[in-house]
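Structure at a glance
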Amino acid sequence: MISSQVITEFFAWAPFVVLAAILVVAYIWTRGEKQLAAPIRKTYSCARCGRRGVREHMVPVTLEGAVVWYCGRCAQSH
């Protein structure tokens, strides 16, 4: 028969043991991965149609002190 002290000790240490096992497995699994060479480029959303594009493909327009970005198609019709 198992004493209540053994059960109490088991349930007291079990979460820590499981957490340590998960951390060890995650470390071993990810230690060989390479870091990304460059960060993801920032994109802007067109104020009219919502199309997303990188800064070089968007047209900034200043309206009442705020900068609004338009895609090339919407900037021509603006």
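The preceding data block contains the structure.
Summarised in this report is the structure supplied together with it. (Residues numbered from 1 in each chain as written. Predicted model: local features only at pLDDT ≥ 70, side-chain atom pairs only at ≥ 80, totals over all residues. Heavy atoms only, no water.)

Focus: the pairing of strand S3 (residues 58–63)
Two elements, S3 and strand S4 (residues 66–71), share six bridges in a ladder whose sense is antiparallel. By the bridge assignment for S4, Val61 is matched with Val68. What sits between S3 and S4 in their antiparallel hairpin is a turn of two residues, with Glu64 showing a positive phi close to 55 degrees. (Pairing = 2+ DSSP bridges. Helix = DSSP H or I, 4+ residues; strand = E, 2+ residues; numbered from the N terminus.)

Some remarks on the state of the cysteines
The final tally for this structure, using the stated rule, is zero disulfides. For Cys46, which is in no disulfide, the shortest distance to another cysteine sulfur is to Cys49 and amounts to 3.7 Å. There is no disulfide at Cys74, and the cysteine sulfur nearest it, in Cys71, is 3.6 Å away. Its relative accessible area of 6% is what places Cys74 among the buried residues. (Disulfide = S-S within 2.5 Å. Buried < 20%, exposed > 50% of the residue type's maximum accessible area, 1.4 Å probe, protein only.)

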